[in-house]
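Examining the three-dimensional arrangement
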Amino acid sequence: MSQYGVVLFSGTQAALRAEKLLERVGQVVKLIPTPRHLSSDCGVALRFSWAEQNEVVNTLDRARLAYETIAILDG
Amino acid sequence: MDSSLIYLDNAATSWPKPPEVVQAMASFIAESGGNPGRSGHRLSLAAGRVVYQAREELADFFGLDDPLRLVFTANVTEAINLALYGLLRSGDHVIASSMEHNAVMRPLRHLQREGVHLSFAPCGMDGHVSLAHVEKLLKTQTRLVVVNHASNVTGTIQPIAEIGALCREHNTLFLVDAAQTAGVLPINIEELQIDLLAFTGHKGLLGPTGTGGLLLGERVPFEEMKLLVRGGTGSRSEYEEQPEFLPDRFESGTPNSIGLAGLLAGLQFIKSHALDALREQETSQLARLIIGLSNLPNVRLFGPRDPSRQVPVVSFTLDGMRVSDIGFRLDEEYGILCRPGLQCSPAAHRTLGTFPHGTVRLSPGPFTKDREIESVLEAVERLSAELL
Ligand SMILES: Cc1ncc(COP(=O)(O)O)c(C=O)c1O
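How each quantity is defined
Residues numbered from 1 in each chain as written. Chains lettered and ligands numbered in written order. Predicted model: local features only at pLDDT ≥ 70, side-chain atom pairs only at ≥ 80, totals over all residues. Heavy atoms only, no water. Contact = heavy atoms within 4.5 Å. Buried area = accessible area lost by both parts, 1.4 Å probe. Salt bridge = Lys/Arg side-chain N within 4 Å of Asp/Glu carboxyl O. Polar contact = N/O pair within 3.5 Å; in protein donor to acceptor, adjacent residues only side chain to side chain. Nonpolar A, V, L, I, M, F, W, Y, C, P; charged D, E, K, R; others polar. Near = heavy atom within 4 Å. Helix = DSSP H or I, 4+ residues; strand = E, 2+ residues; numbered from the N terminus. Buried < 20%, exposed > 50% of the residue type's maximum accessible area, 1.4 Å probe, protein only. Phe/Tyr/Trp six-rings, centres within 6.5 Å; stacked < 30°, edge-to-face > 60°. Lys NZ or Arg CZ within 6 Å of the ring centre and 35° of its normal. Domains from an automatic or database assignment.

Before going further, it helps to examine the interface of chain A and chain B. Taken together, the contact between chain A and chain B spans 20 residues of the former and 24 residues of the latter. At the boundary of chain A with chain B, total buried surface from both sides reaches about 1700 Å², with 48% on carbon and sulfur atoms. There are six salt bridges connecting chain A and chain B. A salt bridge links Arg24 of chain A to Glu56 of chain B; the shortest N-O distance between them is 2.4 Å. Taken together, chain A and chain B are joined by ten residue pairs in polar contact (both at pLDDT 80 or more). Its residues assigned to classes, the side of chain A that touches chain B shows six nonpolar, seven polar and seven charged.

The next point concerns the site of the ligand. Residue and element names in this part refer to chain B. All residues adjacent to the ligand are Asn75, Val76, Thr77, His101, Ala103, Asn152, Asp177, Ala179, Gln180, Thr200, His202 and Lys203. Residue Val76 places a main-chain N or O atom 3.4 Å away from an oxygen atom belonging to the ligand. Between the ligand and Gln180 there is a distance of 2.7 Å, counted from an oxygen atom to a side-chain nitrogen or oxygen. Taken together, the residues of the shell around the ligand break down into three nonpolar, seven polar and two charged.

All names here are of chain B. Inspection of the secondary structure puts Ala83 in helix H3 (residues 76-87). Relative accessible area serves as the criterion here: at 0%, Ala83 is assigned to the buried category. As for Ala83 and Leu214, which are separated by 131 residues in sequence, their C-alpha atoms are 7.8 Å apart. With residues near it in sequence (within four places) discarded, Ala83 still touches Leu175, Leu196, Leu214 and Met225.

Between two aromatic rings, the relevant description is the distance of the centres plus the angle of the planes. Throughout the structure, instances matching the rule amount to five aromatic pairs over all chains. Here the aromatic residues Phe61, Phe62 and Phe199 of chain B are joined through ring pairs into a cluster of three or more. Here the guanidinium or amino end of Arg47 of chain A rests over the ring plane of Tyr4 of chain A, the centre of that ring lying 3.9 Å away. It is Arg350 of chain B that lies over the ring of Phe355 of chain B; its NZ or CZ is 4.0 Å from the centre.

So, about the domain arrangement of chain B. All names here are of chain B. Assigned domains within chain B: domain 1 (6-16 + 274-385) and domain 2 (19-272). For domain 1 and domain 2, the distance between their C-alpha centres works out to 27 Å. In this assembly, 34 residues from domain 1 lie in contact with 34 residues from domain 2. For the pairing of domain 1 and domain 2, the buried interface totals around 2600 Å² over both sides, and the portion due to carbon and sulfur atoms is 59%. On the domain 1 side of the interface with domain 2, the three residues burying the most area are Leu275, Val311 and Thr351, jointly 22% of the side's total. Taken together, domain 1 and domain 2 are joined by one salt bridge. A salt bridge links Arg309 to Asp126; the shortest N-O distance between them is 3.0 Å.

Right under this line is the structure:
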């Protein structure tokens, strides 16, 4: 079973920007409700394939898009 | 839609809108009607994506790298208020042109009472601001220069790139009111060295009313800007303090997502028809209007009278007839819709010497037909003949 990671952003529009940036470089990502154990916020988080972690981080860094947390999603 | 009407009031709001705009708004409300950025379910995300798409495409259209530095507002008036009240403090000095709209003048006059110092750069009879004057007025306390890109009274296009360069030299922020130019002239904030660009969605961008925004260039210290409104953003809900990050810091309350769906369609329409092609048609109609009106007796024409130096806005008066009567008769007798009076710009009319009566303003748009321009010229000719 492949593992997922999630990136948390400050706001939804930043998460939507990340979704577009990553889809443009061929990543398969999905916006999901922010997992409660990572944040009490009611926003969305971006789920990606954990194996792609480096590519995801590089893509966000290249666009200078700040994120709050990046974590492995268990279960 | 009454096809016998000749709509020459596009400087007030563009009409008709492209059918794509109507369609986009109808499908938005039917299909993606969630609250953008609030809930995270698929309809909420669908709405959020439309808002984001509009943000990204507009940012790109205006040469702004980071779409999150584009803040949506209800119109350009709110965007200008956000910039002026956000940045200016008692003791700061501001320079504006003497052709500004009340969207700039009224906040500035109010801020003046709060201790902000104002200077106005004079403009010639053609509405053109003198660069030498702007330079002379710049001092170390000058926090901001604000200029409208093109006048809503005479269409005069200001030397934005040159003023932008002056502002950089003097380390002053530069705010441009692009109400009349966004979607009409190409604007790249990096090339023109604009720090804050305020635009409205319902004129040249062909979107619906209730849309607009402010672009915050890299030099703008947005963390220091005062807010006009605070409230729910869908983010950081655990905190009772306003978030600091963009765009949420400046976007409290549910946005006009249906309006932004329409604005996005308007922008896409402009991009698919190419600004240059639209401009070419408008320029030839403008040239025809200028020549036609100049040849009529009793007509006084204001502004540059040069289609390459103005957006499609023409102001005139008829010696011996009140502007309100001209406007009324063009509407009643000829079905021609224009805007008589001061067009919310007393400062500009003082510059032109047309205060307090104002002028009759004709403003064609991308859907104006050549024969409609001929009809207008014939109508004004008949009115002017009555005065001989
Ligand atoms: C130069 C200029 N500034 C500001 C405005 C105000 O636009 P809005 O009513 O969309 O805020 C207008 C249009 O009326 C305008 O022409």
